[in-house]
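# Structure assessment
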Amino acid sequence: MVNPRKTASQPPALRPLDAAVGFLRSHADIALPLYIVGVAPMSLAMLFIIDAVSAARYSALSEGAAMLALATVWKWIFSAATQARIQRKLTGAQGAPLRGRIVAIVCVKLAASVIMLWGSFIVLPFIYGFFLSGLAAPILLDRDGAAVDEAEWILKWVSGAMNQAVKILSAIFVLFFIAELGFGLLQLVVTRLIMPSFLGMDPTELSLTLTSAAWNMAIIYILFLIFDFYWTVASVMLYYEIQSRRVGVDISARLAAMGG
Amino acid sequence: MEKRYCVNHPDRPASGECVITKRPICPECSTKYEGVNYSKEGLEQLKRQRAAVASGGLRRKAVLAMAVGQAPVSLFLLYYFYLINFRWLTGLLK
């Protein structure tokens, strides 16, 4: 349950992130099934890659990368569907049908991925791609404008609200870092303390696995999934909040009304 | 009703008004184009408006072509990013 008093006293920049937590605590069932369908092929592609790495079949990496790229596009389609469901629940409006906008959404997300991954080489910093990717579906499903114009609107919004954008991005990075650190500590506690002291198991055989590239890739991928899902929800909340400033509705009040 | 006079010829009664400038004009100052009366200034404004719309449409088409055209290139760049990162990860930790 979101505490309106608590959210009102928080810095407004991070309110969408808090709203996303509130939404997930009460309505995860709306977002999770579609998201899982979306990431299933990506997870299979990652399994293929991890298997290739652990078996030292490095020639299979290009095949795995191609599978992963296609699976990423598949994930975007279902991320957009997830966001559409959340948006419908949040606003109560039907919005534009996803089928009619999906090509535009994928095109914008592809452009956003280039900015995110190669942005430093093409002038636009990572942050523009990050928000362009997150806001593409919410905005294109809510407005009638051409994809190019809406993408331009998002980029202008990031420029105009750079302070908030940097705070949100930093918060997500810090959370990711803490999660990675927490996982590392948990791994240490399990292998150095629990396994030898309480379970009587020798963890030396595990050390080879725990320091391998395959293991690290698997950990990073699992953390990526958690944070990607969170950002999928949070970006809808962010778009709702941007809109709320214009139309004068409050996101925490809306979540409270939804029983979140 | 008040009698109106041509904006260019104050001594001549106006026969109508320009649809763009809304100023009264006499038959000599009026040009019929697409069934509508325009003054000289009105026609010039119309020409500028149409040129702006045409160039805007052209720009929109160019941007749209670029947006769709970038998709396969972006997909390749996504694939290439994954590939070099996996190679880097395995090369680093091998």
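Residues numbered from 1 in each chain as written. Chains lettered and ligands numbered in written order. Predicted model: local features only at pLDDT ≥ 70, side-chain atom pairs only at ≥ 80, totals over all residues.

## A few points about the overall build of chain A
The secondary structure content of chain A amounts to 10 helices and zero strands. When the helices and strands of chain A are read in sequence order from the N terminus, they spell out α-α-α-α-α-α-α-α-α-α. For 260 residues, the compact-globule estimate of 2.2 N^0.38 gives 18 Å, and the C-alpha radius of gyration of chain A, at 20 Å, lies within 12% of that figure. Its C-alpha atoms give chain A principal-axis dimensions of roughly 60 × 45 × 35 Å. Counting only residues that meet the buried cut, chain A has 36% of its 260 residues in that class. Expressed as a percentage of contacts within chain A between residues at least 6 apart in sequence, the contacts between residues at least 24 apart total 70%. (Helix = DSSP H or I, 4+ residues; strand = E, 2+ residues; numbered from the N terminus. Rg over C-alpha atoms; globule rule 2.2 N^0.38 Å. Buried ≥ 20, exposed ≤ 12 C-beta atoms within 10 Å, placed from the backbone. Contact = placed C-beta atoms within 7 Å.)

## Considering the interface of chain B and chain A
Counting residues at the interface gives 20 residues for chain B and 23 residues for chain A. Looking at the side of chain B that touches chain A residue by residue, the class counts come to 15 nonpolar, three polar and two charged. (Nonpolar A, V, L, I, M, F, W, Y, C, P; charged D, E, K, R; others polar.)

## What to know about unusual backbone geometry
Although it is not a glycine, lysine 22 of chain B sits at a positive phi angle of roughly 65 degrees. Phi is positive for glutamate 34 of chain B, which is not a glycine, with a value near 55 degrees.

## A look at the nonpolar core
The biggest cluster of nonpolar side chains holds 68 residues, and the ones touching the most others in it are Leu68, Val108, Leu132, Ala136, Val233 and Met237 of chain A. Put simply, the parts of the chain that give this core at least two residues each are α2 (15-54), α3 (61-91), α4 (98-118), α5 (126-142), α6 (147-160), α9 (213-247) and α10 (251-258) of chain A together with α1 (40-93) of chain B. Counting residues per element, this core draws most heavily on α2 of chain A, at 14 residues. Each residue touching methionine 237 of chain A, except ones within four places of it in the same chain, is listed here: Pro16, Ala19, Ala20, Phe23 and Ile251 of chain A. By size, the runner-up hydrophobic cluster in this structure holds six residues, among which are Ala14, Cys18, Ile25 and Tyr38 of chain B. (Core = buried A, V, L, I, M, F, W, Y, C linked by C-beta atoms within 7 Å.)

## Describing α5 of chain A
All names here are of chain A. Between its first and last C-alpha atoms α5 spans 25 Å; for 17 residues at 1.5 Å apiece the expected length is 24 Å, and the two agree. At leucine 135, α5 shows its largest bend, some 45 degrees, and a proline, proline 138, comes one to four positions later. Counting buried positions along α5 yields 15 of 17 residues, so the element is predominantly enclosed. (Expected span 1.5 Å × (residues − 1). Bend = angle between axes of the 7 residues up to and from the residue.)

## Remarks on the confidence of the model for chain B
All names here are of chain B. Per-residue confidence for chain B gives a mean pLDDT of 82, with 95% of residues at or over 70. Across chain B, the secondary-structure element scoring lowest on mean pLDDT is α1, at 80, and the one scoring highest is strand β2 (residues 24-25), at 90. Scoring the predicted complex yields pTM 0.74 and, for the interface, ipTM 0.74. (pLDDT = per-residue confidence, 0-100.)

## Points about the confidence of the model for chain A
Residues and elements named next belong to chain A. When the pLDDT values of chain A are averaged, the result is 85; 92% of them are 70 or greater. Least confident of the elements in chain A is helix α1 (residues 4-9), whose mean pLDDT is 47; most confident is α3, at 93. Here residues 1-8 is a poorly scored stretch, pLDDT under 50, and it has 14 contacts once near neighbours within four places are set aside; other chains count.

## Some points on the environment of leucine 14 of chain A
Residues and elements named next belong to chain A. Tracing the backbone shows leucine 14 in the loop between α1 and α2. Judged by local crowding, leucine 14 falls into the partly exposed class, with 16 C-beta atoms found within 10 Å. Through-space distance from the C-alpha of leucine 14 to that of methionine 162 is 13 Å; in sequence the pair is 148 residues apart. In this view, leucine 14 contacts Lys167, Ile168 and Ala171; residues no more than four positions away in its chain are not counted.

## Some points on the packing of α2 of chain A against α10 of chain A
Residue and element names in this part refer to chain A. Between α2 and α10, whose axes approach to 10 Å, the crossing angle comes to 5 degrees. Taken together, α2 and α10 sit at an angle that is classed as roughly parallel. Taken together, the residues of α10 that come into contact with α2 (itself represented by Arg15, Ala19, Gly22 and Phe23) are Ile251, Ser252 and Leu255. The residue inventory of the contact of α2 with α10, partitioned by class, reads four nonpolar, two polar and one charged. (Axes fitted to C-alpha atoms, helices over the stretch in contact; angles between N-to-C directions. Parallel < 35°, antiparallel > 145°, perpendicular 65-115°, else oblique.)

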